[in-house]
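Per-entry structural report
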Amino acid sequence: MDDLLNFVPDIEAEGLTLRPVRRSDAGLIEMYGADERVARMTTSIPHPLPPGTTEAFVTRITGNTPDELVWAMDASATGGAELKGLISLKMMEPGDRGGSQAEIGYWVAPAWWNTGVASTAVQALVDANPLNNDTIFGSVFQDNPASARVLTNAGFAYVGDAESFSVARNAKVATWTYIRKLN
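Note that the structure is a prediction, hence the values are computed from the model and not measured.

**Digging into the environment of Arg23**
Residue placement: Arg23 occurs in the loop between β2 (16-20) and α2 (26-33). Arg23 gets classed as partly exposed once you look at its relative accessible area, which sits at 48%. For Arg23 and Val58, which are 35 residues apart along the polypeptide, the C-alpha to C-alpha distance reads 6.4 Å. With residues near it in sequence (within four places) discarded, Arg23 still touches Glu55, Val58, Thr59 and Thr62.

**What to know about the pairing of strand β6 (residues 135-141)**
Judged by how many residues are buried, β6 sits mostly within the fold: five of seven residues are covered. Where strand β5 (residues 101-108) meets β6, three bridges bridge the pair, whose relative direction is parallel. In the sheet register, Glu103 faces β6, and the bridge partner there is Phe137. Crossover handedness for the path β5 to helix α5 (residues 117-128) to β6: right-handed. Relative to strand β8 (residues 171-181), β6 runs antiparallel, the two being bridged by seven bridges. Bridge pairing in β8 places Gly138 opposite Tyr178.

**As for the pattern of salt bridges**
Summed over all chains, the structure comprises eight salt bridges. A salt bridge links Arg37 to Asp35; its shortest N-O distance comes to 2.7 Å. Ionic pairing is found between Glu68 and Arg60, a salt bridge with its closest N-O pair at 3.2 Å. With relative accessibility at 14%, the residue Glu68 sits in the buried group. What makes Arg60 partly exposed here is its relative accessible area of 35%. A single network of salt bridges, built from pairs that share partners, joins Arg19, Arg22, Asp25, Asp74 and Glu82.

**Here we look at the side chain of Arg19**
Looking at where Arg19 falls in the secondary structure, it is placed in strand β2. Only 2.8 Å separates the side chain of Arg19 from the side chain of Asp25, close enough to count as a polar contact. Here Glu82 takes part through its backbone oxygen, which lies 3.5 Å from a polar atom of the side chain of Arg19. Setting aside anything within four residues of it in sequence, one finds Arg19 in contact with Asp10, Asp25, Val70, Trp71, Ala72, Asp74 and Glu82.

**Side note on the nonpolar core**
With 50 residues, the main nonpolar core has Ile87, Ile104, Tyr106 and Val122 as its most contacted residues. In terms of residue count, the dominant contributor to this core is α5 (seven residues). In contact with Ile87, not counting residues within four places along its chain, are Leu18, Leu69, Val70, Trp71, Met73, Ile104, Gly105, Tyr106, Ala121, Val122 and Leu125.

**A look at the packing of α2 against helix α4 (residues 53-61)**
With their axes 9 Å apart at the nearest point, α2 and α4 run at an angle of 125 degrees to one another. On the basis of their axis angle, the class for α2 and α4 is oblique. Once α2 is placed against α4, the crossing between them reads as right-handed. The residues of α4 that touch α2, namely those facing Ala26, Ile29 and Glu30, are Thr54, Glu55, Phe57 and Val58. Its residues assigned to classes, the contact of α2 with α4 comprises four nonpolar, one polar and two charged.

What counts and what doesn't
- Residues numbered from 1 in each chain as written.
- Predicted model: local features only at pLDDT ≥ 70, side-chain atom pairs only at ≥ 80, totals over all residues.
- Heavy atoms only, no water.
- Helix = DSSP H or I, 4+ residues; strand = E, 2+ residues; numbered from the N terminus.
- Buried < 20%, exposed > 50% of the residue type's maximum accessible area, 1.4 Å probe, protein only.
- Contact = heavy atoms within 4.5 Å.
- Pairing = 2+ DSSP bridges.
- Right-handed = clockwise from strand over helix to strand, strands pointing away.
- Salt bridge = Lys/Arg side-chain N within 4 Å of Asp/Glu carboxyl O.
- Polar contact = N/O pair within 3.5 Å; in protein donor to acceptor, adjacent residues only side chain to side chain.
- Core = buried A, V, L, I, M, F, W, Y, C linked by side-chain atoms within 4.5 Å.
- Axes fitted to C-alpha atoms, helices over the stretch in contact; angles between N-to-C directions.
- Parallel < 35°, antiparallel > 145°, perpendicular 65-115°, else oblique.
- Left-handed = near helix turned anticlockwise from the far one by under 90°.
- Nonpolar A, V, L, I, M, F, W, Y, C, P; charged D, E, K, R; others polar.

Take a look at the structure:
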């Protein structure tokens, strides 16, 4: 896993660069993560956002042994915002370069909802396949069909229903699960 931290590449996409999260991103991550609309569509962001949560997150993902690799959706090279959202791969099963299976996760700040940012980021990450995964899984809350379309547009196939706990909602929420075979 230590080798993976050194292997977080920049990934170019149309109008975006997916780049490793920096400590300087903490302010924007906190501002967007504190938005209830964002938090409610994730499993892990609490609402209201307690003090120190963002700093702990940034420390965890930039530390020596991260359990997931996280990229910022950065459009500053094309005159856009430095951080429009985050996208991640969480290793699930070991493989040659860190994981033959991973779970993708993403969120986009509300200002860029329905603009194609998430679709561009997901497709770029899948195409780059930086961990040389054989399979990538994703799940979305059933009350977020836009996020489901992001996955299906990137070639993910529906595999079933489940449920996940949402910290912001303090409840189990019905999900749709998707899979994309890569190798």
